[in-house]
Amino acid sequence: MSREWMTVLTMLLGLAWPGLAAAQADCTWPAGMPMRALVLVGEVHGTVETPALVGALACAAAADTTPVTVALEMDAAEQTRVDAYLASAGTASDRGALLAGRFWSRRMQDGRSSVAMAALIERLRRLRRDGHAIEVVAVDSAGVADRDAAMAANIRRATRREGARVIALLGNRHASQHKDGQNNPANVPAGVLLADLQPLSVRVEATQGSAWVCAPACGVLNFGGPATAAVPQPGRYAAGSPRPGYDGIYTLAALTASPPVQMP
């Protein structure tokens, strides 16, 4: 077995990152954050902490038996593999089938197919196994002219699930409810297109740490000084945002880069 696959299998057991297992045990909704039917979480791709936050939100939202759908910025072509994995026992063979999808081995590893994202799917599988009405929807559409319109349409369909709360993890531009002069006039952010559903748009930020991004080369980008520890840390939600398009900011002490499941 290759070193990369050993890393993946270890990760999905919650052992690869210090503190990852503890993060997956979090099942709390942040103090002060409204619990709306649709929550758009805007992130810088390729971190440990933001997928862990979405796992905690899904767990907390489902705690009262409410159905929860988690929308991920994954190619919709992966949906069959995701559904099969959620319904599986999570064995090594099941994990291999999930991660065999092209999404996980793309040449452009921009942080969306990270170790932390795979760990999030595993956590959602376990929540479902434990009796929670959890679904995961891959809402991106690779190769289309307007990805935001496709994402918005797929998220809108997910909101039609009776009684469900929908939590969407998107790149921070897609989750914004603001269209500024930098936006292509023919490419409006998904958050703007979903404004009639009155979503809560939350941007995740930190003043220091690292992320796996493509800017333009793909790799670990450090910013604001090193993180104090490579451990997901609890954050704080505050209503209002200096950045237009967001209802609030979820601030962490630091972010930690999460590399691709399969290194390019």
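Okay, so let's go over this structure.

Calculation notes
- Residues numbered from 1 in each chain as written.
- Predicted model: local features only at pLDDT ≥ 70, side-chain atom pairs only at ≥ 80, totals over all residues.
- Heavy atoms only, no water.
- Helix = DSSP H or I, 4+ residues; strand = E, 2+ residues; numbered from the N terminus.
- Contact = heavy atoms within 4.5 Å.
- Areas by Shrake-Rupley, 256 points an atom, 1.4 Å probe, with all protein chains shown as cover.
- Core = buried A, V, L, I, M, F, W, Y, C linked by side-chain atoms within 4.5 Å.
- Buried < 20%, exposed > 50% of the residue type's maximum accessible area, 1.4 Å probe, protein only.
- Disulfide = S-S within 2.5 Å.
- Phe/Tyr/Trp six-rings, centres within 6.5 Å; stacked < 30°, edge-to-face > 60°.
- Arc of directions from axis to C-beta.
- Salt bridge = Lys/Arg side-chain N within 4 Å of Asp/Glu carboxyl O.
- Pairing = 2+ DSSP bridges.
- Axes fitted to C-alpha atoms, helices over the stretch in contact; angles between N-to-C directions.

1. Digging into the overall build of the protein
Reasoning step 1: Each helix and strand counted, the protein has nine helices and nine strands in total.
Reasoning step 2: Contacts in the protein between residues at least 24 apart in sequence constitute 74% of all its contacts with a sequence separation of at least 6.
Reasoning step 3: Of the roughly 11300 Å² of accessible surface on the protein, 55% is carried by carbon and sulfur atoms.

2. Points about the nonpolar core
Reasoning step 1: Residues Leu72, Trp104, Leu124 and Ile167 are the most contacted members of the largest nonpolar core, which totals 43 residues.
Reasoning step 2: Looking at this core element by element, the count peaks at eight residues for helix α3 (residues 49-62).
Reasoning step 3: Ignoring anything within four residues of it in the chain, the contact list for Leu72 reads Met117, Leu120, Ile121, Val136, Val137, Ala138, Val139, Asp140 and Leu169.
Reasoning step 4: Counting residues in each nonpolar core, the second largest holds 16 residues, with Leu40, Ala71, Val139 and Leu170 among its members.

3. Topic: the environment of Ala142
Reasoning step 1: Mapped onto the elements, Ala142 comes out in the loop between β3 (134-140) and α7 (147-158).
Reasoning step 2: In this structure, the C-alpha to C-alpha distance between Ala142 and Phe103, residues 39 residues apart in sequence, is 9.7 Å.

4. Notes on the state of the cysteines
Reasoning step 1: One pass over the full model with this rule turns up two disulfides.
Reasoning step 2: Cys214 shares a disulfide with Cys218; S-S distance 1.9 Å. Because the sign of the S-S torsion sets the handedness, a value of about 100 degrees for the bond joining Cys214 and Cys218 places this disulfide among the right-handed ones.
Reasoning step 3: Here Cys218 falls in the partly exposed class, since its relative accessible area comes to 32%.
Reasoning step 4: For the protein, numbering the cysteines in disulfides from first to last along the sequence yields the connectivity 1-2, 3-4.

5. What about the packing of aromatic side chains?
Aromatic ring pairs: the centre-centre distance and the angle between the two ring planes describe each pair.
Reasoning step 1: Summed over all chains, the structure comprises one aromatic pair.
Reasoning step 2: The interplanar angle of 85 degrees and the centroid separation of 5.2 Å between the aromatic rings of Phe103 and Trp104 together place this pair among those described as edge-to-face. We note that Phe103, like Trp104, is buried.

6. Describing helix α5 (residues 92-99)
Reasoning step 1: Taken together, the buried positions of α5 are Arg95, Leu98 and Leu99. Mapping the buried residues of α5 onto a view down its axis gives an arc of 85 degrees, with all of them on the same face.

7. Remarks on the pattern of salt bridges
A side chain with one charge can pair with a side chain of the opposite charge if their charged atoms come near.
Reasoning step 1: Using the criterion set out here, one finds 15 salt bridges in the structure.
Reasoning step 2: With a closest N to O distance of 2.5 Å, Glu122 and Arg126 form a salt bridge. In this pair, Glu122 and Arg126 both sit in helix α6 (residues 115-129), four residues apart, roughly one turn of the helix.
Reasoning step 3: Of the residues examined, Arg126 reaches a relative accessible area of 28% and is grouped as partly exposed.
Reasoning step 4: Here Arg161 makes a salt bridge to Glu135, at a shortest N to O gap of 3.7 Å. Taken together, the residues Arg161 in the loop between α7 and β4 (165-171) and Glu135 in strand β3 connect sequence positions 26 residues apart.
Reasoning step 5: With a relative accessible area of 35%, Glu135 lands in the partly exposed category.

8. Notes on the sheet that holds strand β2 (residues 68-75)
Strand pairing in a sheet is mediated by backbone hydrogen bonds. Such pairs are either parallel or antiparallel.
Reasoning step 1: Strands sit in the order β3-β2-β4-β1-β5-β9-β8 across an open sheet of seven strands; the sheet is mixed. Both outer strands of the open sheet, β3 and β8 (236-239), are each paired with one neighbouring strand and no more. Strand after strand, the sheet turns through a mean of 25 degrees between neighbouring axes, direction not considered.
Reasoning step 2: Here five bridges tie β2 to β4, and the two strands are oriented parallel to one another. Note on β4: the bridge partner recorded for Val70 is Ile167.
Reasoning step 3: Strands in contact with helix α4 (residues 79-86) are β2 and β3; relative to β3, the strand with the most contacts, it is inclined by about 165 degrees.

9. Focus: the environment of Ala190
Reasoning step 1: Note on placement: Ala190 falls in helix α9 (residues 190-193).
Reasoning step 2: Sequence-wise, Ala190 and Ala175 are 15 residues apart; in three dimensions their C-alpha atoms are separated by 6.2 Å.
Reasoning step 3: Those residues in contact with Ala190 that sit more than four places away from it in its chain are Asp148, Met151, Ala152 and His174.

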